[in-house]
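# Architecture and fold: a report
The lines below spell out each chain.
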Amino acid sequence: PFNLTGSTPATFILTGIPGMEQLHVWISIPFCSMYLAALLGNGVLLFTIWTERSLHQPMYLFLSMLAVADLTLSTTAVPKTLALFWFRAREISFGACLTQMFFLHFTCSAESVILLAMALDRFVAICFPLRYGAVLTPSAVAKAGLVALLGSFCIISPCIFLLRRLPFCGHNVIPHTYCEHIGIARLACADISVNVWYGLVVPFTVIVLDLLLIVVSYGFILLALSRLPSRSARHKALHTCGSHVCVLFLFYIPAAFTALTQRFGRNIPPAVHILLANLYVLFPPLLNPIVYGVRTQQIRDKVVKVFVCPKSRLPRR
């Protein structure tokens, strides 16, 4: 018997990937490599945008917000996962677990809003090019970032209170590599239907709304492009949207697959769930800077200017 009024555990135990404990060290090698590559790629992207004044435009400012969100997403989960794999540091305090859970879900929600802002940026640039500078002012970009932060905070912060009200009756073993909302709630010895419905319906509805607005924006973009007389102009405009479309697929498809398999894929082995969840916090931060670096000539040129040919920036005598 446990006292339900004071049954919040002091620590949780993260088990890693069930059934693959003997492979943790080997799995950590690609995880660590992808994490370091994500840090390098997003760091280079942020430094290039920060140092080059010609990139201080709405499109690249939104891209820098995306890079910060990617770094936050991966750094919230991966270091603890690597510590678990390498040093068997399985314990995490209750407060640290809730903090990790909050920043994971908060960052995913904020990233969805940032992707919506990037879609609206392309919509204004292609459909209303003459009003682009008047609509997407530095103040408008800052407000979009503030909406992403405040909106995500209001959506995710109730999850903390929903978890803190639950009794755990001594259950503190989480079969995962990091803390997430439903994984913690399943340890409770009480009804968690509110947690399940809130954790599924509210964030999922908000992200679906963001995705619908993105689809509507691209519908208007395609309509505007169909009216352009020049084929080269259509190709150039589509090329500017190509990087953003790739990033959309990298974010929304793994997110939807991970969320749906976690809640409805009961026949899928737990190890597959956890591997997918870990790849979700690694793949977008790893691939987003590569996609924009490869497909955007301005970023390629500026990266070469900053890192490869720094002497060219010195004044000539």
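Residues numbered from 1 in each chain as written. Predicted model: local features only at pLDDT ≥ 70, side-chain atom pairs only at ≥ 80, totals over all residues. Heavy atoms only, no water.

## What about the overall build of the chain?
For the record, the criterion: Only DSSP runs of H or I with at least four residues qualify as helices, and only runs of E with at least two residues qualify as strands; both kinds are numbered from the N terminus onward. Here the radius of gyration uses the C-alpha set of atoms, whereas the globule reference equals 2.2 Å times the residue count to the power 0.38. Type-normalised accessible area, obtained with a 1.4 Å probe on protein chains alone, sets the label of each residue: buried when under 20%, exposed when over 50%, and partly exposed for intermediate values. A contact between two residues is defined here by any heavy atoms of the two lying within 4.5 Å. Charged residues are defined narrowly, with Lys and Arg counted positive, Asp and Glu counted negative, and His plus the chain ends left uncounted. Where a charge lies is defined by one atom per residue type, namely NZ (Lys), CZ (Arg), CG (Asp) and CD (Glu).
A count of helices and strands for the chain gives 11 helices and 3 strands. Relative to its length of 317 residues, the chain is compact, with a C-alpha radius of gyration of 22 Å against a globular reference of 20 Å. Dimensions of the chain, computed from C-alpha atoms along their principal axes, come out at roughly 75 × 45 × 35 Å. Burial status across the chain gives 45% buried among its 317 residues. Counting contacts in the chain only where the partners sit at least 6 residues apart, residues at least 24 apart contribute 80% of the total. For the chain, the distance from the average position of its 24 positive side-chain charges to the average position of its 10 negative side-chain charges is 11 Å.

## Describing the packing of aromatic side chains
For clarity, the threshold we go by: Between 30 and 60 degrees the pair is tilted, below 30 it is stacked and above 60 it is edge-to-face, where a pair is any two Phe, Tyr or Trp rings, Trp via its six-membered ring, whose centres lie within 6.5 Å.
This structure, assessed with the given rule, holds 14 aromatic pairs. The structure contains a cluster of three or more aromatic residues connected by ring pairs, namely Phe102, Phe103, Phe106 and Phe153.

## Side note on the environment of Ala69
Turning to its location among the elements, Ala69 is positioned in helix 2 (residues 58-87). The exposure class of Ala69 is buried, given its relative accessible area of 8%. Distance from Ala69 to Tyr35, taken between C-alpha atoms, is 14 Å for residues 34 residues apart in sequence.

## Some words on the state of the cysteines
Just so we agree on the cut-off: Any cysteine sulfur atom paired with another within 2.5 Å is treated as part of a disulfide.
Applying the stated rule across the entire model yields 2 disulfides. One disulfide bridge connects Cys97 with Cys179, the sulfur atoms lying 1.9 Å from each other. Its torsion about the S-S bond being -115 degrees, the disulfide of Cys97 and Cys179 is classed as left-handed. In this pair, Cys97 sits in helix 3 (residues 94-127) while Cys179 sits in the loop between strand 3 (173-174) and helix 6 (181-185), placing the two residues 82 residues apart along the sequence. There is no split in this pair, since Cys97 and Cys179 are both buried. Between the sulfur atoms of Cys169 and its disulfide partner Cys189 the distance amounts to 1.7 Å. Of note, the bridge from Cys169 to Cys189 carries an S-S torsion of about 70 degrees and is right-handed in sense. Separated by 20 residues along the polypeptide, Cys169 in the loop between helix 5 (138-164) and strand 3 and Cys189 in the loop between helix 6 and helix 7 (193-226) bring together distant segments of the chain. For Cys189, a relative accessible area of 30% puts it in the partly exposed group.

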